[in-house]
Amino acid sequence: MNLADAIRNAAIESGSIAATAMYPERSRPFEEPKVAEPAPAPEPAAKPTAKRASQENPMPEIPAPFNNNSPAGNLVRLELVLTAEQIALLFKSIVTGQHTIMTLREAAAHLRIPSHALESMASEGEIPAFLLDGRWRFSRVAVDEWLQLQQLDRKDQEAA
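Basis of the calculations
- Residues numbered from 1 in each chain as written.
- Predicted model: local features only at pLDDT ≥ 70, side-chain atom pairs only at ≥ 80, totals over all residues.
- Heavy atoms only, no water.
- Helix = DSSP H or I, 4+ residues; strand = E, 2+ residues; numbered from the N terminus.
- Buried < 20%, exposed > 50% of the residue type's maximum accessible area, 1.4 Å probe, protein only.
- Contact = heavy atoms within 4.5 Å.
- Axes fitted to C-alpha atoms, helices over the stretch in contact; angles between N-to-C directions.
- Parallel < 35°, antiparallel > 145°, perpendicular 65-115°, else oblique.
- Nonpolar A, V, L, I, M, F, W, Y, C, P; charged D, E, K, R; others polar.
- Salt bridge = Lys/Arg side-chain N within 4 Å of Asp/Glu carboxyl O.
- Core = buried A, V, L, I, M, F, W, Y, C linked by side-chain atoms within 4.5 Å.
- Pairing = 2+ DSSP bridges.

When helices and strands are counted, the protein chain shows seven helices and three strands. Listing the helices and strands of the protein chain from first to last along the sequence gives α-α-α-α-β-α-α-β-β-α. Here the protein chain holds 160 residues, and 17% of them are scored as buried. Long-range contacts, defined as pairs at least 24 residues apart, comprise 43% of the intrachain contacts of the protein chain with a sequence gap of at least 6.

What follows is the structure, encoded as structure tokens:
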């Protein structure tokens, strides 16, 4: 199941009004296709013993790649209840974050500065940028490296 299906399931299971409006044709959440599992081998008869508290309320079995004995780490379950607008914004932010080359507006938002200030910095050569068809473009990697260099220069100046 991917992230979109998980979010959709959470919205539908919660019975939110937004989920009902978005998916009126779905009466139940998405379900993975069932794969037939082999029948477990019969267990040998065990001696009756007194039940301990942990046996009365057993924890669900965690798959091997996610259990505590695995080098992969611990299993974390995250449940989100989002409105239709929040889901749209989530997907929009994921898509906008995928580009390696940013426009002036995207780079300004990334740096959290006004676009006119970024444009003047680019024209003066203060920040790595290039013109493409008369419009400023910024490499996300170059801008992030430039930010790190700015922080190092600032620390050096404070230390001196």
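In the contact formed by helix α5 (residues 104-111) and helix α6 (residues 115-123), the axes pass within 9 Å of each other and the chain directions differ by 105 degrees. Considering their axes alone, α5 and α6 lie roughly perpendicular with respect to each other. Within the contact between the two elements, α5 uses Leu104, Ala107, Ala108 and Leu111 and α6 uses Ser115, Leu118 and Glu119. Classifying every residue of the contact of α5 with α6 gives five nonpolar, one polar and one charged.

What the rule picks out here adds up to one salt bridge. A salt bridge links Arg154 to Glu158, with the shortest nitrogen-to-oxygen separation between them at 3.7 Å. With a gap of four residues between them, Arg154 and Glu158 both fall in helix α7 (residues 140-159), about one helical turn apart. Of the two residues, Arg154 and Glu158, both sit in the exposed class.

We now examine the nonpolar core. Core analysis: the largest hydrophobic core is formed by 13 residues, its most contacted members being Leu118, Ile127 and Phe138. Elements represented by at least two residues in this core include exactly α5, α6, β3 (135-139) and α7. Residues contacting Ile127, with those up to four places away along its chain left out, are Leu111, Leu118, Met121, Ala122, Phe138 and Trp146.

What follows covers the sheet that holds strand β1 (residues 101-103). Sheet architecture is open: three strands sit in the order β1-β3-β2, paired in antiparallel fashion. Edge positions in the open sheet fall to β1 and β2 (130-132), since each of these has one partner strand only. The mean angle between the axes of side-by-side strands here comes to 45 degrees, regardless of whether they run parallel or antiparallel. Contacts between α5 and the sheet are confined to β1 and β3, with β1 contributing the most and set at about 95 degrees to the helix.

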